[in-house]
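# Chains, contacts and geometry: an overview
Given next are the chains, with one letter for each unit.
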Amino acid sequence: MDAASVALLFDRAAHFSKVVSAFGGSGCAWSYTFPDGETHRYIINGIKSPDQLEHEVLTLAIWLWSLKDYLKGRAATLGRDPQDVEAYASGDPSLALSADIANAAKHGKLTNSRSGKWPKLGKLRYEIPQEAMRSVTFRAFEVETDVARPDLVTFELPILDSNGLEIGDALQLMTRALSAWERFNKKLERAD
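This text gives an overview of the structure that appears in the document. From a predicted model like this one, the values you see are computed outputs, not experimental measurements.

Attention now moves to the environment of Tyr 32. When you line up the elements, Tyr 32 lands in strand β1 (residues 28-33). The spatial distance from the C-alpha of Tyr 32 to the C-alpha of Tyr 88 is 45 Å, given a sequence separation of 56 residues. Setting aside anything within four residues of it in sequence, one finds Tyr 32 in contact with Glu 38, Thr 39, His 40 and Tyr 42.

To continue, consider the packing of aromatic side chains. Here the structure, examined in full by the defined rule, presents nine aromatic pairs. Here the aromatic rings of Tyr 32 and Phe 34 are separated by 4.8 Å at their centres, their planes lie at 85°, and the arrangement is edge-to-face. Summarising the aromatic geometry, the rings of Trp 65 and Trp 181 are spaced 6.3 Å apart at their centres and angled 40° between planes, so their arrangement reads as tilted. Separated by 116 residues along the polypeptide, Trp 65 in helix α2 (residues 50-77) and Trp 181 in helix α5 (residues 170-190) bring together distant segments of the chain. A relative accessible area of 6% means that Trp 65 is categorised as buried.

About the criteria used
- Residues numbered from 1 in each chain as written.
- Predicted model: local features only at pLDDT ≥ 70, side-chain atom pairs only at ≥ 80, totals over all residues.
- Heavy atoms only, no water.
- Helix = DSSP H or I, 4+ residues; strand = E, 2+ residues; numbered from the N terminus.
- Contact = heavy atoms within 4.5 Å.
- Phe/Tyr/Trp six-rings, centres within 6.5 Å; stacked < 30°, edge-to-face > 60°.
- Buried < 20%, exposed > 50% of the residue type's maximum accessible area, 1.4 Å probe, protein only.

On their own, these measurements won't tell you what the molecule is for.
Have a look at this one:
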């Protein structure tokens with residue numbers, strides 16, 4: 001495996017990291033029925049839908065985990081032990097968690113947990129500050145919010161362990177995992 005091939009995959013991962021970090025989108029809508037039987041509809045325009053953001057996070061996780069095989073190939077080309085890549089991935093908590101998330105997405109379920117946490121993604125949470133809003137329109141049984149500044153919206157996509165306890169945020173995890181692979185690659189390339 002040559003350095004250019006590894007660099008290309010890092011570029012792809014960095015591209016998807018930027019895509020995940022851009023929160024503007026076509027919006028989303030949902031309905032909620034209250035205990036009294038009234039159903040209200042909520043519409044948010046101008047930000048990504050929860051499904052879109054989850055899809056992008058899972059895509060990024062898969063690309064990040066693909067780096068492992070590229071780095072193992074690169075290690076072998078450089079005459080180093082590819083198992084060092086496996087040991088590094090298992091020893092870094094962000095890589096182990098992102099591996100579990102990627103493998104669950106790729107295979108439909110997780111049969112072995114590298115992190116030991118058996119993680120899954122929780123429900124997206126976001127906060128829209130007033131200065132991010134263009135308008136809020138109230139109608140009978142409907143509220144529509146138009147977001148003008150999606151860059152001011154705060155998103156959190158929780159990672160839950162096997163007991164349903166929150167153990168981190170997927171957006172932050174992916175950033176840490178990319179940084180961890182970048183550190184490993186630099187070390188691999190400069191080792192004598």
